[in-house]
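The chain contents come next:
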Amino acid sequence: MGTPCPRAVLALAAVLLGLLAPRAVSERPNFIVILADDVGWGDLGANWAETKETPHLDELAAEGTRFVDFHSAASTCSPSRASLLTGRLGARNGVTHNFAVTSVGGLPLNETTLAEVLREAGYSTGAIGKWHLGHHGHHHPSFRGFDYYFGIPYSHDMGCTDTPGYNLPPCPPCPRLGTAARAARKDCYTDIALPLFENLTIVQQPVNLSSLAARYAEEAARFIQRASDGGRPFFLYLALAHMHVPLGVPPPPPTSDGGIYGAALREMDALVGRIKQVADSHGKGNTLLWFAGDNGPWAQKCELAGRLGPFVGAWQRQRGGSSAKQTTWEGGHRVPALAYWPGRIPAKQTSHALLSTLDIFPTLVALAGAALPPNRRFDGLDVSPVLFGWSDVGHEVLLHPNSGAAGKDGGIEALRLAQYKAFYTTGGAMACDGSIGPAEHHQPPLVFNLDRDIQEQEPLDVASGEYQAVLPAISRAYARALEDIATDNVSVADYSKDPAVTPCCDARHVACRCRAPGPGCHAERRATWLCL
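The structure presented is a predicted model; accordingly, all values stated were derived computationally and were not measured. (Residues numbered from 1 in each chain as written. Predicted model: local features only at pLDDT ≥ 70, side-chain atom pairs only at ≥ 80, totals over all residues. Heavy atoms only, no water.)

*Asks:* Outline empty space enclosed by the protein, supporting the account with residue identities and numerical values.
*Replies:* Within this structure, the stated rule accounts for 4 cavities of 30 Å³ or more. The space that makes up the largest cavity amounts to roughly 170 Å³. Around the largest cavity, the lining is made up of 16 residues, and of these Leu209, Ala241, His242, Gly248 and Glu267 lie nearest the centre. A class-by-class count of the residues in the lining of the largest cavity yields 10 nonpolar, 5 polar and 1 charged. Taken as a whole, the second largest cavity holds about 120 Å³ of empty space. (1 Å grid on protein atoms, 1.4 Å probe; cavity = no way out; pocket = protein on both sides within 12 Å on 5 of 7 lines; lining within 4 Å. Points joined across faces, edges and corners; volume = space filled by probe spheres on them. Nonpolar A, V, L, I, M, F, W, Y, C, P; charged D, E, K, R; others polar.)

*Asks:* Can you tell me about the pattern of salt bridges, naming the residues and giving the values?
*Replies:* For the structure on display, the rule yields 26 salt bridges. A salt bridge links Asp43 to Arg307; its shortest N-O distance comes to 4.0 Å. Linking Asp43 in the loop between strand E1 (30-36) and helix H3 (55-63) with Arg307 in the loop between strand E9 (287-293) and helix H9 (314-317), this pair joins segments that are 264 residues apart in sequence. Looking at Arg307, the relative accessible area reads 21%, which means it is partly exposed. A salt bridge links Glu53 to Arg307, with the nearest nitrogen and oxygen atoms 2.9 Å apart. Within this pair, whereas Glu53 is found in the loop between E1 and H3, its partner Arg307 is found in the loop between E9 and H9, the two being separated by 254 residues in sequence. (Salt bridge = Lys/Arg side-chain N within 4 Å of Asp/Glu carboxyl O. Helix = DSSP H or I, 4+ residues; strand = E, 2+ residues; numbered from the N terminus. Buried < 20%, exposed > 50% of the residue type's maximum accessible area, 1.4 Å probe, protein only.)

*Asks:* Residues and numbers for the packing of helix H7 (residues 212-230) against helix H8 (residues 259-281), please.
*Replies:* Interaxial distance between H7 and H8 falls to 10 Å at its minimum, and their mutual angle equals 10 degrees. When the axes of H7 and H8 are compared, the pair comes out roughly parallel. Regarding H7 and H8, the two cross each other, and that crossing is right-handed. Side by side, H7 and H8 meet where Ala213, Ala217, Ala220, Ala221 and Ile224 of the first sit next to Glu267, Leu271, Arg274, Ile275 and Val278 of the second. Residue composition of the contact of H7 with H8, by class: 8 nonpolar, no polar and 2 charged. (Axes fitted to C-alpha atoms, helices over the stretch in contact; angles between N-to-C directions. Parallel < 35°, antiparallel > 145°, perpendicular 65-115°, else oblique. Left-handed = near helix turned anticlockwise from the far one by under 90°. Contact = heavy atoms within 4.5 Å.)

*Asks:* If you had to explain the nonpolar core to someone new, which residues and values would you point to?
*Replies:* Within the largest apolar cluster, 54 residues are counted, with the highest numbers of intra-cluster contacts made by Ile32, Ile34, Met268 and Phe291. Every element with two or more residues in this core is listed here: E1, H3, strand E5 (148-151), H7, strand E8 (234-239), H8, E9 and strand E10 (337-340). The dominant element in this core, judged by the number of residues it contributes, is H8, at 10 residues. In this structure Phe291 touches Ile34, Ala36, Leu57, Met268, Val272, Pro336, Ala337 and Leu338, once residues within four positions along its chain are discounted. (Core = buried A, V, L, I, M, F, W, Y, C linked by side-chain atoms within 4.5 Å.)

*Asks:* Which residues make up unusual backbone geometry, and what values go with them?
*Replies:* Cis geometry is adopted by the peptide bond preceding Met243, which originates at His242 and carries an omega value of 5 degrees. With respect to the helices and strands, Met243 occurs in the loop between E8 and H8. Following Gln443, the chain continues into Pro444 via a peptide bond in cis, with omega recorded as 10 degrees. Among the secondary structure elements, Pro444 is positioned in strand E16 (residues 440-449). Backbone geometry at Ala418 places phi at a positive 55 degrees, although glycine is not the residue there. Secondary-structure assignment places Ala418 in the loop between strand E14 (412-417) and strand E15 (420-426). The backbone of Glu456 sits at a positive phi, close to 50 degrees, despite the residue not being glycine. Along the chain, Glu456 turns up in the loop between E16 and helix H13 (465-486).

*Asks:* Which residues make up helix H11 (residues 360-367), and what are the values?
*Replies:* Of all 8 residues in H11, 7 are buried; the element is thus mostly enclosed. Among the residues of H11, Ile360, Phe361, Pro362, Thr363, Leu364, Val365 and Leu367 are the ones counted as buried. Positioned one or two residues after H11, Gly369 has a phi angle of 75 degrees, which is positive.

*Asks:* Could you give an account of the confidence of the model for the protein chain, with specific residues and numbers?
*Replies:* Averaged over all residues, the pLDDT of the protein chain equals 91, while 89% of them reach at least 70. In this model residues 516-532 is a low-confidence stretch, pLDDT under 50, and it forms 39 contacts with partners more than four residues away in sequence or in other chains. (pLDDT = per-residue confidence, 0-100.)

*Asks:* Describe the layout of surface pockets, with residues and values.
*Replies:* Empty pockets left among the atoms are what a rolling probe the size of a water molecule brings to light. The calculated volume of the largest pocket comes to roughly 700 Å³. Looking at the largest pocket, it is lined by 30 residues, and the ones nearest its centre are Asn98, Asp187, Trp298, Gln300 and Gln326.

*Asks:* So, the sheet that holds E16: which residues are in play, and what are the values?
*Replies:* Taken in spatial order, the 4 strands of this open sheet run E13-E14-E15-E16, and their pairing is antiparallel. Here the strands that pair on one side only, and so sit at the sheet edges, are strand E13 (397-401) and E16. Each neighbouring strand pair of the sheet contributes to a mean axis angle of 20 degrees, computed without reference to strand direction. In this fold H13 packs onto E13, E14, E15 and E16, with an angle of close to 125 degrees to the strand it touches most, E14. (Pairing = 2+ DSSP bridges.)

*Asks:* Kindly report on the packing of aromatic side chains, identifying the contributing residues and their values.
*Replies:* Under the definition given, this model contains 18 aromatic pairs. Centre to centre, the rings of Phe423 and Phe448 are 5.8 Å apart; their planes meet at 85 degrees, and the pair counts as edge-to-face. With Phe423 in strand E15 and Phe448 in strand E16, the pair connects residues that are 25 residues apart, well separated along the chain. Grouping aromatic residues by their ring pairs yields a cluster made of Trp131, Phe146, Phe235 and Tyr237. Against the face of Tyr148 rests Arg226, its NZ or CZ located 4.7 Å from the ring centre. Over the ring of Trp298 we find Lys325; its NZ or CZ atom is 4.2 Å from the centre of that ring. (Phe/Tyr/Trp six-rings, centres within 6.5 Å; stacked < 30°, edge-to-face > 60°. Lys NZ or Arg CZ within 6 Å of the ring centre and 35° of its normal.)

*Asks:* Quick rundown of the pairing of E8? Include the residues and the values.
*Replies:* Among the 6 residues that make up E8, 6 are buried, leaving the element largely enclosed by the rest of the structure. On E8, burial covers both faces: Phe234, Leu236 and Leu238 on one face and Phe235, Tyr237 and Ala239 on the other are all buried. Of the pairings in the sheet, the one linking E1 to E8 comprises 5 bridges and is parallel in character. Across the sheet, residue Ile32 finds its bridge partner in E8, namely Leu236. Of the pairings in the sheet, the one linking strand E4 (residues 124-129) to E8 comprises 6 bridges and is parallel in character. Residue pairing in the sheet places Gly126 in a bridge with Leu236 of E8.

*Asks:* Before we move on, can you summarise the packing of H3 against H8 with the specific residues and values?
*Replies:* Packing of H3 against H8 leaves a shortest axis separation of 7 Å and a crossing angle of 45 degrees. The orientation of H3 relative to H8 falls into the category oblique. Contacts from Pro55, His56, Leu57, Glu59, Leu60 and Glu63 of H3 reach H8 at Met268, Asp269, Ala270, Val272, Gly273 and Lys276. Here the contact of H3 with H8 is built from residues that sort into 6 nonpolar, 2 polar and 4 charged.

So, in structure tokens, the structure goes:
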């Protein structure tokens, strides 16, 4: 008897779930998606026993489902976020690498976001935190389906602040009127301060990083309260600054074994715990909370980078470079993930299904009783049967796009087929020691059996029976995937740059400082500098 198709298993489970647990689909639940930045698989105590700083996340794992084979859709910021919000890889949605402070474009406007689908279905939609999908014109989140936005337009190291926090190398604070000019430092933004938006208005520039986590928690609580008062289901997309550098921790510096990184991890954990508490207070059992990472740790930041757990990419490490963020090694895209929904998602459940952030879009759309946008194909699956414990079957094939370490950005040159991981191109990002692993192309591909070799240390011998047996299936899957993308409705992102689109509260002031803390900008200034 042949092995049943994973999609067929998921479809059958979904039908059974609809018959036997109708509340899960007939009531419109609330959704909270929490996306952590640069978090490692081993940063979750439930995943990695050495981690002690995540009691609230570990509680989520104990009260819900922990996914141990869960992957970001890309290994760097903008492509990963674009894929989460569209259910489509960058090769389809056009977002293949990060947007800049001066980017004119963003996520292509013909791509439909999860927020747009859910708002059309009657949801109140909010985005809090990092956006990084375009801030100019109609690329701003206020025009991409979100009723409310509070956050920063890109990573919080992409602008100077007065509270620069911990980074390697350290970056100076924003300049002030009358201070001596400083030489520009590579990887540090010294001229334009990091802005904080509320909807279309800059409410603070530069952002106070020391209080940013608390402000996110406050605004999230207010959004949930407003939605509840209005009697509408809500979708909250909370994209954290943690654990991306710079890390901001209260002085004095921590003395625990976890050091600065551990203190920041505890702060993130407390923030997640606060959001869970608020959600539960508005009706426990009404809200699905889904936590995941956007990609793996940024290894070149050394002790300020996250923990890979066992996913060390040993083959690459032997040749130089990092096997984490920006790479297609497991450490670059295998991320911690949890789902919590009391009374709907079984507690203390561990899923080994092969899942992705791509699945969040179609799953939430299905649970909301909405329809997927037409005239395009999706890389994500409706995995609600996995959430509800009816199945532990996910993707049969999962594609891992190039994310900066090697190959053309967004190109598909690595894929997963069951327990096998195939690489047509390998390369290492910058490591803590400054090394970079050179790009290498492989034909036939390198193939690892992750069931036996989770560290990706020793590829299968091409002459072995196992390699010869699996190679035809890998080749067919790879060819089908490329053909499917090539014949799809594919978007193209605008990556052009113009300094004039840089968010600026008041261009007359040094570093675009606002006249006073948090007054916002005048309407005429906003029209010139922020949006249109």
